Amino acid sequence: MKVLVIGSGGREHALAWSVAQSREVSEVLVTPGNPGTSSEQKVRNITLNISDHAAIEEVVKTESIDLTIIGPEQPIVEGLGDFLTEQGHKCLAPTTFAAQLEGSKSFAKEFMKRHKIPTANAFVTRNIDEACAHIRRSDFPIVIKAEGLAAGKGVVVATSLNQALNAVRNMLSGRAFGDAASTIVIEDYLDGEEASFIVLTDGEHTLPFATSQDHKPVYDGDKGPNTGGMGAYSPAPVIDDSVYSKIMERIVSPTIQGMQEENNPCQGFLYVGLMICNGDPYVVEYNCRFGDPEAQPVLMRLQSDFAMRCLAATDAGGLKGQQLKFKKNCTVAIVLASPGYPGKYKTNLPIKGLNANVPGTKVFHAGTKEDQGRIVTNGGRVLTVVSSGPTVELAQRNAYARAKKIQWSGVHMRTDIGHRAIAREREKTT
Ligand code: AMP
Ligand code: GLY
């Protein structure tokens, strides 16, 4: 089987690497990919414009691709999955309609209301005066979200009236996120611990991946602006057996069934961003794709044949009776970012130390490129270093041992990825 992976981030490197592990897979093509994907066995990069759907279909035909997997949300929302499926090709991605669960926060909120799926109360508006009046009536903190896609950065958790009013004005004026914020969602603050719950679904059956937790703020102690994710680990101990059952019963099953009942079955990856408040899960957001960086630590633990499960998920009912198995170990993923990220950052900085191996670790590339035989930075999130270990603490230690060998001018990483799980582990042993 030949597989095409669309995208160039750390998630796509992990997807391509994981798919290539299958004995059934002869080759994986990645477009545009990165220097990390092209260095994997059985993986080849191919340069294409991912907005050019006809060019992608041409490659699917000439390379005899059996399955296309779309990594990022943008090409899904732009209809690449719909196009390939309509042309008779197997493509693992939700339809653009189903992808509104991610692409439109008001669509997601309305859907959750219809299906009684627990989430924060929300007020949706396009009007500055209405938004400001609502905020003046509200308690703090309060959460202000751009309606559309904003690369994980379109959310402000405001702790004061001024901060909230500024966020509303910045978003609705179009200054902050352009059209993505021409409508905003103002949401009650959920006080709890976050976790990521990702499933593979054929629209009817779901196979849950191992649980994980992301660290979105840029600095240690969860300080500073939100990013796409500065690190993640798996499993997330906040999801114990009881919380796991509640997530499946109250959130995952009604979401998959609700989309099916509304004739919009949701196929592919469904990522539920959760807040666990006193043992009860609430939806913070839906994503119709794998998480980045969650894919890196989660797929490192996967034992089952990922490629074959992905292929099966493209057929209605294809996942019936199947399972995903995970190793018992823990994994921790550290994101190495450019100085300045998530704001403006420099690129083309030479990266040193990429080959300094530490056993049990793996480096996934994201914002890198090759320049005259050297690997240089080419994005905000540059690399993800993942390590496995018997505990989160040991996995973390090993991941940092590898991460610290990698250098470029101004490299930034958080130094506390996994801190909540490690605190729990220490509590247990004392
Ligand atoms: P989102 O893009 O909707 O996932 O939001 C980004 C981040 O903002 C989340 O990962 C949370 O840390 C935070 N956040 C979003 N909504 C809420 C909420 N209702 N209460 C508390 N924090 C939130
Ligand atoms: N790590 C968060 C996301 O992929 O949206």
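Anything mentioned here points back to the structure above.
Read on for an overview of the structure. (Residues numbered from 1 in each chain as written. Chains lettered and ligands numbered in written order. Predicted model: local features only at pLDDT ≥ 70, side-chain atom pairs only at ≥ 80, totals over all residues. Heavy atoms only, no water.)

### Section: the sheet that holds strand β2 (residues 27–32)
The parallel open sheet is built from 5 strands, whose spatial order is β3-β2-β1-β4-β5. The sheet is open, and its two borders are formed by β3 (43–45) and β5 (91–92), each paired with just one other strand. Two elements, strand β4 (residues 67–70) and β5, share 2 bridges in a ladder whose sense is parallel. Bridge pairing in β5 places isoleucine 69 opposite leucine 92. Across the face of the sheet, helix α1 (residues 10–20) comes into contact with β1 (2–7), β2, β3 and β4 while running at roughly 170° to β1. (Pairing = 2+ DSSP bridges. Helix = DSSP H or I, 4+ residues; strand = E, 2+ residues; numbered from the N terminus. Contact = heavy atoms within 4.5 Å. Axes fitted to C-alpha atoms, helices over the stretch in contact; angles between N-to-C directions.)

### Description of the packing of aromatic side chains
The final tally for this structure, using the stated rule, is 11 aromatic pairs. A ring pair is formed by phenylalanine 209 and phenylalanine 290, whose centres lie 4.7 Å apart and whose planes are at 65°; its orientation type is edge-to-face. Residue phenylalanine 209 is found in the loop between β11 (206–208) and β12 (213–214), and its partner phenylalanine 290 is found in the loop between β17 (280–287) and α11 (295–300); the two are separated by 81 residues along the sequence. The pair phenylalanine 209 / phenylalanine 290 is uniform in exposure class, with both members buried. Ring-pair connections join several aromatic residues into one group, and the members of that group are Phe209, Phe269, Phe290, Phe306 and Phe326. Across the ring face of tyrosine 271, the terminal group of arginine 289 is positioned such that the distance to the ring centre comes to 5.9 Å. The ring of phenylalanine 364 has lysine 362 lying over it, and the distance from NZ or CZ to the ring centre is 5.3 Å. (Phe/Tyr/Trp six-rings, centres within 6.5 Å; stacked < 30°, edge-to-face > 60°. Buried < 20%, exposed > 50% of the residue type's maximum accessible area, 1.4 Å probe, protein only. Lys NZ or Arg CZ within 6 Å of the ring centre and 35° of its normal.)

### Some words on the pairing of β4
Residues Leu67 and Ile69 point to one face of β4 and Thr68 and Ile70 to the other, with burial holding for every one of them. As paired elements, β1 and β4 share 4 bridges and run parallel to each other. Paired with leucine 4 across the bridge in β4 is threonine 68.

### Let's talk about the environment of alanine 16
Relative to the elements of secondary structure, alanine 16 occurs in helix α1. Separated by 59 residues in sequence, alanine 16 and proline 75 place their C-alpha atoms 17 Å apart. Once you skip the residues sitting within four places of it in the chain, alanine 16 turns out to touch Val5, Val28, Val30 and Val43.

### Concerning the site of ligand 2
Neighbouring ligand 2 are Asp214, Lys216, Gly228, Tyr271, Asn287, Arg289, Gly291, Asp292, Pro293 and Glu294. Residue glycine 228 places a main-chain N or O atom 3.2 Å away from a nitrogen atom belonging to ligand 2. One nitrogen or oxygen atom from the side chain of asparagine 287 is found 3.4 Å from an oxygen atom belonging to ligand 2. In isolation ligand 2 exposes 190 Å². Once the protein is present, 93% of that is buried. Class assignment for the residues of the shell around ligand 2 results in 2 nonpolar, 3 polar and 5 charged. (Near = heavy atom within 4 Å. Polar contact = N/O pair within 3.5 Å; in protein donor to acceptor, adjacent residues only side chain to side chain. Areas by Shrake-Rupley, 256 points an atom, 1.4 Å probe, with all protein chains shown as cover. Nonpolar A, V, L, I, M, F, W, Y, C, P; charged D, E, K, R; others polar.)

### With respect to the site of ligand 1
Neighbouring ligand 1 are 15 residues; Glu187, Asp188, Leu190, Glu194 and Glu285 lie closest to it. Contacts to ligand 1 include lysine 216, whose side-chain N or O atom sits 3.0 Å from an oxygen atom. In this structure, glutamate 285 approaches ligand 1 through a side-chain N or O atom, which is 3.0 Å from an oxygen atom. Of all the secondary-structure elements, those providing two or more residues to the shell around ligand 1 are β7 (142–146), β9 (184–188) and β17. Here the residues of the shell around ligand 1 sort into 7 nonpolar, 1 polar and 7 charged.

### Details of the sheet that holds strand β6 (residues 122–125)
Sheet architecture is open: 4 strands sit in the order β6-β9-β7-β8, paired in antiparallel fashion. Across the chains shown, the open sheet's two edge strands, defined by having one partner strand only, are β6 and β8 (155–158). Adjacent strand axes in the sheet meet at a mean angle of 20° when their direction is disregarded. Bridge count for β7 against β8 is 4 bridges, and the pairing is antiparallel. Bridge pairing in β8 links isoleucine 142 to alanine 158. Of the strands in this sheet, β6, β7 and β9 touch helix α7 (residues 105–114), which is tilted by about 45° from β9.

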